[in-house]
Number of protein chains: 2
Amino acid sequence: MSKNFTDLLSKVSQCEMKTLSVAVAQDKAVLEAVKAAKERKIADAILVGDEEKIRAIAAELSMDLSQFEIINEPDAVAASLKAVSLVHDGKADMYMKGLLDTKTFLKSVLDKEVGLRTGKPLSHVCVFEIPGIDRLIFMTDVAFIPYPTLEDKVNMINYTVEVAKACGVSTPKVAPLAAVEVVNPKMPVTVEAAELTKMNEEGTITDCIVDGPLSLDIALYKEAAEEKGALDRKVAGDADILVFPDIHAGNLVYKAIVHMVDVKNGNILTGTKAPVILTSRSDSCEAKVNSIALAAVVATEQAK
Amino acid sequence: MSKNFTDLLSKVSQCEMKTLSVAVAQDKAVLEAVKAAKERKIADAILVGDEEKIRAIAAELSMDLSQFEIINEPDAVAASLKAVSLVHDGKADMYMKGLLDTKTFLKSVLDKEVGLRTGKPLSHVCVFEIPGIDRLIFMTDVAFIPYPTLEDKVNMINYTVEVAKACGVSTPKVAPLAAVEVVNPKMPVTVEAAELTKMNEEGTITDCIVDGPLSLDIALYKEAAEEKGALDRKVAGDADILVFPDIHAGNLVYKAIVHMVDVKNGNILTGTKAPVILTSRSDSCEAKVNSIALAAVVATEQAK
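Residues numbered from 1 in each chain as written. Chains lettered and ligands numbered in written order. Predicted model: local features only at pLDDT ≥ 70, side-chain atom pairs only at ≥ 80, totals over all residues. Heavy atoms only, no water.

What to know about the interface of chain B and chain A
Item 1. Taken residue by residue, the interface counts 34 residues in chain B and 34 residues in chain A.
Item 2. Both faces combined, the contact of chain B with chain A buries some 2,700 Å², and carbon together with sulfur accounts for 76% of it.
Item 3. Among the residues chain B hides against chain A, the three largest losses belong to His248, Leu252 and Met260 of chain B. Together they make up 26% of the total.
Item 4. At the junction of chain B and chain A, the tally comes to two salt bridges.
Item 5. Measuring nitrogen to oxygen at the nearest pair gives 3.7 Å for the salt bridge that ties Asp217 of chain A to Lys255 of chain B.
Item 6. Where chain B packs against chain A, one counts two residue pairs in polar contact (both at pLDDT 80 or more).
Item 7. Only α7 (188–201), α8 (216–220), α9 (222–227) and α10 (247–260) of chain B provide two or more residues apiece to the side of chain B that touches chain A.
Item 8. A per-element tally of the side of chain B that touches chain A places α10 of chain B first, with eleven residues. (Contact = heavy atoms within 4.5 Å. Buried area = accessible area lost by both parts, 1.4 Å probe. Salt bridge = Lys/Arg side-chain N within 4 Å of Asp/Glu carboxyl O. Polar contact = N/O pair within 3.5 Å; in protein donor to acceptor, adjacent residues only side chain to side chain. Helix = DSSP H or I, 4+ residues; strand = E, 2+ residues; numbered from the N terminus.)

A closer look at the state of the cysteines
Residues and elements named next belong to chain A.
Item 1. This structure, assessed with the given rule, holds zero disulfides over all chains.
Item 2. Cys167 supplies the cysteine sulfur nearest to Cys126, a cysteine that is in no disulfide, at a spacing of 13 Å.
Item 3. According to the relative accessible area criterion, Cys126 is buried, its value standing at 0%.
Item 4. Looking at Cys167, it has no disulfide partner, and the nearest cysteine sulfur is the one in Cys15, 12 Å off.
Item 5. Among the residues examined, Cys167 registers a relative accessible area of 0% and is labelled buried. (Disulfide = S-S within 2.5 Å. Buried < 20%, exposed > 50% of the residue type's maximum accessible area, 1.4 Å probe, protein only.)

Brief notes about empty space enclosed by the protein
Residue and element names in this part refer to chain A.
Item 1. Per the counting criterion, the structure on display carries three cavities of 30 Å³ or more.
Item 2. Every residue lining the largest cavity is listed: Asp27, Ala29, Val30, Lys97, Gly98, Thr279, Ser280, Arg281 and Lys288.
Item 3. The computed volume of the second largest cavity comes to approximately 40 Å³.
Item 4. Broken down by element, the residue count for the lining of the second largest cavity peaks at four residues, all from helix α7 (residues 188–201).
Item 5. In the lining of the second largest cavity, the residues fall into eight nonpolar, no polar and two charged. (1 Å grid on protein atoms, 1.4 Å probe; cavity = no way out; pocket = protein on both sides within 12 Å on 5 of 7 lines; lining within 4 Å. Points joined across faces, edges and corners; volume = space filled by probe spheres on them. Nonpolar A, V, L, I, M, F, W, Y, C, P; charged D, E, K, R; others polar.)

A short note on unusual backbone geometry
Item 1. The omega torsion across Gly212 of chain A and Pro213 of chain A is 0 degrees, close enough to zero to call that bond cis.
Item 2. Of note, Pro213 of chain A is situated in the loop between β8 (209–210) and α8 (216–220).
Item 3. Positive phi, normally seen in glycine, also occurs at Lys41 of chain B, with a value near 60 degrees.
Item 4. Here Lys41 of chain B shows up in the loop between α2 (28–39) and β2 (43–49).
Item 5. Look at Ser62 of chain B: it is not a glycine, yet its phi comes out positive at around 50 degrees.
Item 6. Relative to the helices and strands, Ser62 of chain B resides in the loop between α3 (51–60) and β3 (69–72).
Item 7. On the basis of relative accessibility, which here comes to 62%, the residue Ser62 of chain B falls in the exposed class.

What to know about the nonpolar core
Item 1. Counting 64 residues, the largest nonpolar core has Met139, Leu242 and Met260 of chain A together with Met139, Leu242 and Met260 of chain B as the members making the most contacts within it.
Item 2. Leu242 of chain B has contacts with Ile137, Phe138, Met139, Thr140, Ala175, Leu177, Leu216, Ala219 and Leu220 of chain B, leaving out every residue within four places of it along the chain. (Core = buried A, V, L, I, M, F, W, Y, C linked by side-chain atoms within 4.5 Å.)

Some points on the environment of Leu216 of chain B
Item 1. As for its position among the elements, Leu216 of chain B is in helix α8.
Item 2. Once the C-alpha coordinates of Leu216 of chain B and Ala239 of chain B are considered, the two residues, 23 residues apart in sequence, prove to be 9.5 Å apart.
Item 3. Ignoring sequence-local partners within four residues, the contact set of Leu216 of chain B consists of Leu252, Lys255, Ala256 and Met260 of chain A together with Leu177, Ala178 and Leu242 of chain B.

What follows is the structure, given as structure tokens:
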């Protein structure tokens, strides 16, 4: 089990390298991450985009392009479709966003002919290494599904369990979060959390242990669970996966942690046929490499 | 302006001491805070409860009870009604929970004859001193109103502006938060945030500057506002007050900050005729003293 990103990167570097297909690769921050991922044996890459611009940026970064395949396609839409088709056709294993807007990128992901759609909704998992917590924490969904339905939450749990298992967590513990840890009919989120728990008990949601509603402290911290007399809960201070009530709760917690806590993090899209990396400009190079490593373990698991 | 709790406590200690009325005061953690508040010239106190038990705990704490008025009332309900009536009648300035359950305590707060009800709903503000942020941050509502309506949010803003102003923030900047910083009709919270902003522009919400929807990073951090091209917003990295979409978002962020960040904090109830302190067992003595100081500045402001 990878308890932190150092473990995860070390594990990935010992496996056969997976290949990243980068859409519109002429992006300095993205190429820097691709270079670091290659040097650290996390991933190979095929760079699809404006070759001239790619070469200019690579020169700035002292990046040896002889180690990468480049496909020259100056048009952003065409480049994204070409890049995603490489994954669709099995010539690459993971798909990564470069210098194009998110909308165009997602359009390529969802393209009916060459994309990576599964028929299920896209979602997102972000993974945190938090000081004081001895395991990686997988959070969903802080960026994609605004108001997830019960069915969406089942998908989100399934997607995230797959990522956690790929990181070596054999039976992830899942906490559907709320402000409180008891069901309150006046708070629909708590009722839904109890429904998810029941679906897990009945075998509809598998490969994990679901227990909700839980407050964040009881989910993450043994001492808090003990103090609140919640040690008999199936998830009590040892949650691996946090399921947020909605995008607002998820995103606000995500932003608070990223800005206030000295964390390491990475994230990938979920609900796709192959791992997709949609990092934002504000992500550090380290966070981008962590995201590539997450994508690589998921791709390795899917190939089994 | 009190930029942190050290400032706030120093300011309070220089004013005439306000008096706390404690309901069911035979609680070790509460008496410890009352003792510390008295020693630091933050507040006097009247202790209502089981005198014998109060004296036993005071002995353990080496607390000099000659400095406090004690009213012997062993019954918890009677003690809470007596304690709240002291505030209602102007014999004390602030009301604090001791060793009784929250429900009984709130019942006394809302008592029609001797309580502190205003006719408006109760809410809650928690105040944080966060490393890296050069001012106190006032958050509402992380504990009381599950799904606040627009009207509730107007009340929450008014309540919290009063607390922030009592702490010396002359024109508090208020950020109604969401996952995003633009209005999206598919996300009702963002529409509501825009409505609150408009009500502020039109003079319905006064004594503050409201600007929403805002994401948490743009609300709190200048660099994030700059990076996202949001420096022209009325609130851009300098929010004093954060208004959460609902209790789940608020409580999850609150718990994350309390457990993951080395913060100082305090909190008080709002929507009452006089400041009410409802600390939880997990609050440190320091947090309880901070809460008493918040109550004291609000009481001082109300007395003007």
